[in-house]
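Descriptive analysis of the structure
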Amino acid sequence: MDVRTGADGRARCAWVGDDPEYARYHDEEWGVALHGDRALFEKLSLEGFQAGLSWITILRKRPHFRDVFAGFDPAAVAAFGPDDVERLMADAGIIRNRAKIEATISNARLVQDLEPGELDALMWSFAPASHRRPSTFADVPATTPASEAMSKALRTRGFRFVGPTTMYALMQSAGMVDDHVDGCWRTASTMDAS
């Protein structure tokens, strides 16, 4: 089953299940165009933390992630040092993975090396001019040539935890592609699926 009707009578992508926070995220954020260096740095960071985990885990922890990572302000995170890494490693409110924490700090420093708006422009340069919305979840790829190219471009610049699968998830969540399946109420309210 690719679409599931919620208690509110709305047909949604079935991955939402019955979780109200997941439904809110699906309805208000997933697949909506997201712009801005800070917003995309947050998305890049959280997608990196999600690698190997479920997105609902990250979504539930997102408010605390925002608190402890200074609202994902790249300048503030770039200034984090070893004491901050240890503070974060001791914080059960986030994913305590040293490599992911250190990558987030390193990635913030790389964002700081870019001109304002450059991260946004770089990431959106990989959004396909057209994208066929999937009919079923079986039609949703794990990676695409665009996500592979985005991953390669970011890795070339030194970014970490930006593999092609992670970047495709970012492209979906940031609205660079529309992967709401046929029958989902959002298919009538998101970008044109040419």
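Quantities reported herein were computed from a predicted structural model and do not represent experimental measurements. (Residues numbered from 1 in each chain as written. Predicted model: local features only at pLDDT ≥ 70, side-chain atom pairs only at ≥ 80, totals over all residues. Heavy atoms only, no water.)

With that out of the way, let us pick up the UniProt feature "binding site: Zn(2+)" (unreviewed entry) in the chain. Here, the residues flagged by UniProt with the feature "binding site: Zn(2+)" (unreviewed entry) are Cys13, His26, His180 and Cys184. In three dimensions, the annotated residues from a span of 172 residues occupy one location, with a maximal C-alpha spread of 10.3 Å. Assignment of secondary structure puts His180 in the segment after helix H9 (164-173). A relative accessible area of 0% means that His180 is categorised as buried. (UniProt positions renumbered as here; feature names shortened; annotations may be inferred. Helix = DSSP H or I, 4+ residues; strand = E, 2+ residues; numbered from the N terminus. Buried < 20%, exposed > 50% of the residue type's maximum accessible area, 1.4 Å probe, protein only.)

Let us look at unusual backbone geometry. Here Ala70, not a glycine, exhibits a phi torsion of approximately 50°, which is positive. Turning to its location among the elements, Ala70 is positioned in the loop between helix H3 (55-68) and helix H4 (74-78). Judged by its relative accessible area of 30%, Ala70 falls in the partly exposed class. The phi angle at Phe72 is positive, at roughly 60°, despite the residue not being glycine. Within the fold, Phe72 resides in the loop between H3 and H4.

Scanning the entire structure with this criterion turns up 13 salt bridges. Here Asp8 and Arg12 are joined by a salt bridge, their closest N and O atoms 2.6 Å apart. Given a relative accessible area of 48%, Asp8 falls into the partly exposed group. Note on Arg12: relative accessible area 6%, which makes it buried. As a salt-bridge pair, Asp19 and Arg60 come within 2.3 Å of each other at their nearest N and O atoms. In this pair, Asp19 sits in the loop between strand S2 (11-13) and helix H1 (20-28) while Arg60 sits in helix H3, placing the two residues 41 residues apart along the sequence. Judged by its relative accessible area of 18%, Asp19 is buried. (Salt bridge = Lys/Arg side-chain N within 4 Å of Asp/Glu carboxyl O.)

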